[in-house]
Amino acid sequence: MTAHTPRTALYGAQFAADPHAHYARLRDRGPLAPVALAPGVDAWLVTDYHVALEILRDTDTWTRDPRRWQATQPADSPILPLFGWRPTALFSDGPAHARYRQVITDSVGILEPHLLQRDTTAVAEQLIAEFAGTGKADLLAEYAYRLPLLILTSWYGVPDPDIDRISTAMNRAFETSSGAAAAYADLVAVITEQVADRRTAPRHDLISAFLGHPAQLADDEVVRHITLTLMAGHEPTANLIAGALLRMLSDDRYAGSLHSGAMTAHDAVNEVLWNDPPLSNFSPHYPRHEIVFHGTPLTPEQPVLVSYASANAQAALTPAESESLGGSYAHLAWGAGPHRCPARQPAVLMAVTAIEYLISRLTDIRLAVPTADVLWRPGPIHRALTALPVEFTAV
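Along every chain, residues carry numbers that run from 1 in the direction the sequence is written. In keeping with the predicted nature of the model, local features appear solely for residues at pLDDT of at least 70, side-chain atom pairs appear and are counted solely at 80 or more, and the whole-chain, interface and lining totals rest on all residues. Values reported for side chains reflect all heavy atoms of the structure, with hydrogen atoms and water molecules removed beforehand.

A. Structural detail: the pairing of strand β9 (residues 304-307). With burial as the criterion, each face of β9 is covered, one bearing Val 304 and Val 306 and the other bearing Leu 305 and Ser 307. One requirement defines pairing of two strands: DSSP has to find at least two bridges between them. A run of H or I in DSSP counts as a helix once it spans at least four residues, and a run of E counts as a strand once it spans at least two, with each numbered from the N terminus. Here strand β3 (residues 41-46) runs beside β9; their pairing, made up of three bridges, is parallel. Looking at β9, one finds that Trp 44 is bridged to Val 304. Strand direction decides the pairing type here: strand β6 (residues 281-287) and β9, joined by three bridges, are antiparallel. Bridge pairing in β9 links Asn 281 to Ser 307. Note on classification: 1.4 Å probe, protein chains only; a residue is buried when its accessible area is under 20% of the maximum for its type, exposed when over 50%, partly exposed between these limits.

B. Here's a closer look at the nonpolar core. The term nonpolar core refers to a set of buried residues drawn from Ala, Val, Leu, Ile, Met, Phe, Trp, Tyr and Cys, joined through side-chain atoms within 4.5 Å. Grouped together as the largest cluster of nonpolar side chains are 126 residues, with contacts concentrated most on Phe 83, Leu 139, Tyr 143 and Leu 147. Sorting elements by how many residues they give to this core places helix α13 (residues 219-250) first, with 13 residues. Two residues qualify as a contact provided that any one of their heavy atoms is within 4.5 Å of a heavy atom in the partner residue. Beyond its immediate stretch of four places on either side in the chain, Leu 139 contacts Phe 131, Ala 144, Leu 245, Leu 358, Ile 365, Leu 388 and Val 390.

C. Local environment of unusual backbone geometry. Although it is not a glycine, Gln 216 sits at a positive phi angle of roughly 55°. Examined against the element boundaries, Gln 216 turns out to sit in the loop between α12 (206-211) and α13. Positive phi, normally seen in glycine, also occurs at Ser 283, with a value near 55°. Counting through the fold element by element, Ser 283 comes out in strand β6.

D. Examining the sheet that holds strand β10 (residues 366-367) more closely. With respect to topology, three strands assemble into an open sheet ordered β5-β11-β10, the strand pairing being antiparallel. The open sheet terminates on both sides in strands that have one partner only, identified here as β5 (136-138) and β10. Where β10 and strand β11 (residues 389-391) come together, two bridges link them in antiparallel fashion. Considered in β11, the bridge of Leu 367 is made with Val 390.

E. The packing of aromatic side chains, seen in detail. The rule is short: rings of Phe, Tyr and Trp, with Trp giving its six-membered ring, pair when the centres are within 6.5 Å, and they are stacked under 30 degrees, edge-to-face over 60, tilted in between. All chains considered together, the criterion is met by seven aromatic pairs. Consider the rings of Trp 62 and Phe 293, whose centres lie 5.0 Å apart with planes at 80°: the pair is edge-to-face. Taken together, the residues span a long stretch of sequence, with Trp 62 in strand β4 (residues 62-63) and Phe 293 in strand β7 (residues 291-293) at a distance of 231 residues. Each member of the pair, Trp 62 as well as Phe 293, is classed as buried. Any Lys NZ or Arg CZ found within 6 Å of a ring centre and within 35 degrees of that ring's normal is scored as a charge over the ring. The side chain of Arg 7 reaches across the aromatic face of Trp 44, ending 5.2 Å from its centre. Residue placement shows Arg 67 over the ring face of Trp 85; its charged tip is 4.0 Å from the ring centre.

F. Structural detail: helix α6 (residues 94-108). Look at α6: 21 Å from first C-alpha to last across 15 residues, which is about the 21 Å you get at 1.5 Å a residue. Those residues of α6 that fall on the buried side of the exposure criterion are His 97, Tyr 100, Arg 101, Val 103, Ile 104, Ser 107 and Val 108. Each buried residue of α6 sits inside an arc of 150° when the element is viewed along its axis, so together they form one side. By definition here, a helix of n residues has an expected span of 1.5 Å times n minus one. Within this analysis, the arc is defined by the directions that extend from the helix axis to the C-beta atoms.

G. Here's a closer look at the pattern of salt bridges. By definition, a salt bridge exists where a carboxyl oxygen of Asp or Glu is found within 4 Å of a side-chain nitrogen of Lys or Arg. Throughout the structure, instances matching the rule amount to 21 salt bridges. When the shortest N-O distance is used, the salt bridge between Arg 199 and Asp 219 registers 2.3 Å. With a gap of 20 residues between them, Arg 199 in helix α11 (residues 180-200) and Asp 219 in helix α13 connect regions that are remote in the sequence. For Arg 199, a relative accessible area of 41% corresponds to the partly exposed category.

H. Structural detail: the environment of Asp 60. Here Asp 60 shows up in the loop between α3 (49-57) and β4. Separated by 227 residues in sequence, Asp 60 and Pro 287 place their C-alpha atoms 9.2 Å apart.

I. View of the pairing of strand β2 (residues 32-38). Summarising burial for β2: seven of the seven residues are buried, a large majority. Sheet topology note: the strand β1 (residues 8-9)/β2 ladder contains two bridges and is parallel. Bridged to Ala 9 within β2 is Ala 36. In the sheet, β2 pairs with β3 via six bridges, with the strands oriented antiparallel. Across the sheet, residue Leu 32 finds its bridge partner in β3, namely Val 46.

J. Examining the sheet that holds β9 more closely. The mixed open sheet is built from six strands, whose spatial order is β1-β2-β3-β9-β6-β4. The open sheet has two edge strands with one neighbour each: β1 and β4. Axis definition: a line fitted to C-alpha atoms, limited for helices to the stretch in contact. Angles are taken between N-to-C directions and run from 0 to 180 degrees. Here α3 sits on the sheet and contacts β3, β4, β6 and β9; the angle it forms with β9, its principal contact strand, is near 130°.

K. Region of the structure containing the side chain of Arg 198. Here Arg 198 is to be found in helix α11. At 3.1 Å, the side chain of Arg 198 forms a polar contact with the side chain of Asp 197. There is a polar contact of 2.7 Å between the side chain of Arg 198 and the side chain of Asp 205. Setting aside residues no more than four positions away along its own chain, Arg 198 makes contact with Tyr 156, Gly 157, Val 158, Arg 203, Asp 205, Ile 207, Ser 208 and Leu 211. Whenever a nitrogen or oxygen atom comes within 3.5 Å of another N or O atom, the pair is scored as a polar contact, on the condition that within protein one atom can donate a hydrogen and the other can accept it, and that pairs from neighbouring residues in sequence are kept only if both atoms are in side chains.

So this is what it looks like as structure tokens:
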């Protein structure tokens, strides 16, 4: 490809307003399309469902280690908070990945479903009580965003004064804009303090669980895995809740769902995962050597992302394919292969519980603006609302 070949920018308001139109044009160029993640940060995007599965499952050809690419980037690149190497399961392969992933799955396994439902319901009630008497709310800022934040920080034992600091840092890191690197550094600083505290005074929380795991992670490995699981657990779950609520409040098929409609909160969550996955473009891969992949020459210095949103939209699975890949759950919102999200079930349970509890408490909730006026945040990675204004009868 020449330097003059046009690349589609996956950032900015134009892309955020209608990403599916961009994906459709990219698919017309083949299963692999040239894109820009930020000004001056080029990548390739897999837009085809079956090619996405191919790259997600092929650990012989591809690595998740970005260091050869990272060496070509400036230290303050806004994409590095999400793509820069660190010693975690996300950026490792083989035995190192298996070791790191085991720590995550064992720690997440502590969170039994009934405890998660209990905590979600308690936090939901706390948040609803703060705005139920007003008859209006921004369900993104006041509910969907805060709920997973409060649950996750309680599990990790983060003190209240640090919660807003963590929230701001994670939000800015996902924007992949100026200030993202500094925001991620601040997040690391907060978690480093907490890890040091637990090293000397363990508690009954997830930070202590990571530190006490038989894998014996070093302190920096623990810090990086805490930041990874916080970012992966909070922002996508918040956007999943908000996206599903928007669908239920704007789609006529859900009319009556607040009482006894046929379409449920679980249906809305699954539709968001198929059509507008909170992590729309992610899973950066790098070829281990120079290759030609579906007609495109690639080098180890070129990141190749998977567009879950485009692949899901393109998928035309036969009944047999769908059944073999999980039926209605054959979407790629959680990834696939050895790096498939290890916390997908808790995330769905939290989202469904949060939505069901909200609509049971505020039974006549409705959008306060036309659906067309609901805006989306810019960014190449996520599908995220800027706000979700609603009205209801004050309780």
